[in-house]
Amino acid sequence: MRKTFFLDRDGVMIEDENYLADPAKVRLCPGCAEAIRRIAGAGYQIIVTSNQSGIARGYFSWEEVKAVERRIEELLDGAGAPKPAAWYYCPHHPRGAIAEYAVECDCRKPKPGLLLQAGREHDVDFENAFMIGDKLSDLKAAFAAGCRSGALVMTGHGGEQKLELLEKPYLTARNILDAAEKLLAAEESASETAKVEKRS
Ligand SMILES: [Zn+2]
């Protein structure tokens, strides 16, 4: 089983451009490459889960989503950060224009379908899995899938979210790097506490 960080894409890893389809417009959020280096350095696999209803709406194609993905990987590589282990997208929207994708699905966050699929395909240890998102729907999906904790960043749509109590505690962070540092530090101190308890 792999300990895992789930990351949202738009507003967390890259600057949120509404319905981004042009790889030339991709810009990493401040701290993204460093956050990914630290998460990977701590032994976690990284899986991106992203709602891309622009596909259902007919704004862009799967090919364009994959082109943006390749551009993000290129930028990460250029900044010395590893590639995510996998990318999962929900292409659906119930009011979409493309019939094939205009459905009520199980994978559009806050539903946990994308994370559960990733869990099966990448051996995710949900008890040691975390989510970094810019919407409460990211955290809701994470908790519905069984993740341990998560962080809401203030980049992207983070500042507009009305904070509410969810089924598990989560923290808020300035950006993806702040989120990664806080979640990793909390894990570190939790595992130290567990070791001490075992000894005594
Ligand atoms: Zn879906």
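On a predicted model such as this, the values are computed, not experimentally measured, just so you know.

Participant: Run through the pattern of salt bridges, naming residues and quoting values.
Facilitator: The tally for this structure, following the rule as stated, stands at 15 salt bridges. A salt bridge links Lys109 to Asp8; the nearest nitrogen and oxygen atoms lie 3.0 Å apart. Of this pair, Lys109 sits in the loop between β3 (86-90) and α3 (113-121) while Asp8 is found in the loop between β1 (2-7) and α1 (32-41), placing the two residues 101 residues apart along the sequence. With relative accessibility at 6%, the residue Asp8 sits in the buried group. Residue Arg38 pairs with Glu34 through a salt bridge whose shortest N-O separation is 2.8 Å. Note that Arg38 and Glu34 are positioned in helix α1 at a spacing of 4 residues, about one turn of the helix. The exposure class of Glu34 is partly exposed, given its relative accessible area of 23%. A single network of salt bridges, built from pairs that share partners, joins Glu34, Arg37, Arg38 and Glu181.

Participant: Give me the lowdown on the coordination of the zinc ion, citing residues and values where you can.
Facilitator: The protein atoms that coordinate the zinc ion are Cys90 (SG), His92 (ND1), Cys105 (SG) and Cys107 (SG), at distances of 2.0 to 2.3 Å. Considering all 4 donor atoms around the zinc ion, the spread of angles at the metal, 101 to 116 degrees, places the coordination shape in the tetrahedral class. Spacing between the donor residues of the zinc ion along their common chain follows C-x1-H-x12-C-x1-C. Here Cys90, found in strand β3, pairs with Cys107, found in the loop between β3 and α3; they are 17 residues apart in sequence, far enough to count as distant. In this structure Cys90 comes out as buried when scored by relative accessible area, which is 0%. The class for Cys107 is buried, based on a relative accessible area of 15%.

Participant: Before we move on, could you go through α1 and cite the residues and values that matter?
Facilitator: Taken together, the buried positions of α1 are occupied by Cys32, Ala33, Ala35, Ile36 and Ile39. For α1, the buried positions fall inside an angular range of 160 degrees around the axis, keeping them on one side. The inward-facing, buried residues of α1 contact β1, β2 (45-51), α2 (62-78), β4 (124-133) and α5 (176-199). Positioned one or two residues after α1, Gly43 has a phi angle of 90 degrees, which is positive.

Participant: Outline the packing of aromatic side chains, listing residues and values.
Facilitator: Under the counting rule described, the total for this entry stands at 6 aromatic pairs. Ring geometry for Phe5 and Tyr44: centres 4.9 Å apart, planes at 90 degrees, overall edge-to-face. Note that Phe5 is positioned in strand β1 and Tyr44 in the loop between α1 and β2, a separation of 39 residues in sequence. Taken as a pair, Phe5 and Tyr44 share a single burial class, namely buried. Residues Trp62 and Tyr89 carry aromatic rings whose centres are separated by 6.2 Å and whose planes lie at 70 degrees to one another, so their mutual orientation is edge-to-face. In this pair, Trp62 is assigned in helix α2 and Tyr89 in strand β3, connecting sequence segments 27 residues apart. Classification of Trp62 as partly exposed rests on a relative accessible area of 30%. Stacked on the ring of Tyr44, the Lys or Arg Lys3 has its end atom at 4.5 Å from the ring centre.

Participant: Outline the sheet that holds β2, supporting the account with residue identities and numerical values.
Facilitator: Read from one edge of the open sheet, 6 strands run β3-β2-β1-β4-β5-β6, paired in parallel fashion. In this open sheet, the two edge strands, each paired with only one partner strand, are β3 and β6 (171-173). The average angle at which neighbouring strand axes cross in this sheet is 25 degrees, direction not considered. Pairing geometry for β1 and β2, over 4 bridges, is parallel.

Cut-offs and rules
Residues numbered from 1 in each chain as written. Predicted model: local features only at pLDDT ≥ 70, side-chain atom pairs only at ≥ 80, totals over all residues. Heavy atoms only, no water. Salt bridge = Lys/Arg side-chain N within 4 Å of Asp/Glu carboxyl O. Helix = DSSP H or I, 4+ residues; strand = E, 2+ residues; numbered from the N terminus. Buried < 20%, exposed > 50% of the residue type's maximum accessible area, 1.4 Å probe, protein only. Donors = N, O, S within 2.8 Å, 3.2 Å for Na, K, Ca; no water. Tetrahedral: all angles 85-135°; square planar, octahedral: opposite > 155°, others 65-115°. Arc of directions from axis to C-beta. Contact = heavy atoms within 4.5 Å. Phe/Tyr/Trp six-rings, centres within 6.5 Å; stacked < 30°, edge-to-face > 60°. Lys NZ or Arg CZ within 6 Å of the ring centre and 35° of its normal. Pairing = 2+ DSSP bridges. Axes fitted to C-alpha atoms, helices over the stretch in contact; angles between N-to-C directions.

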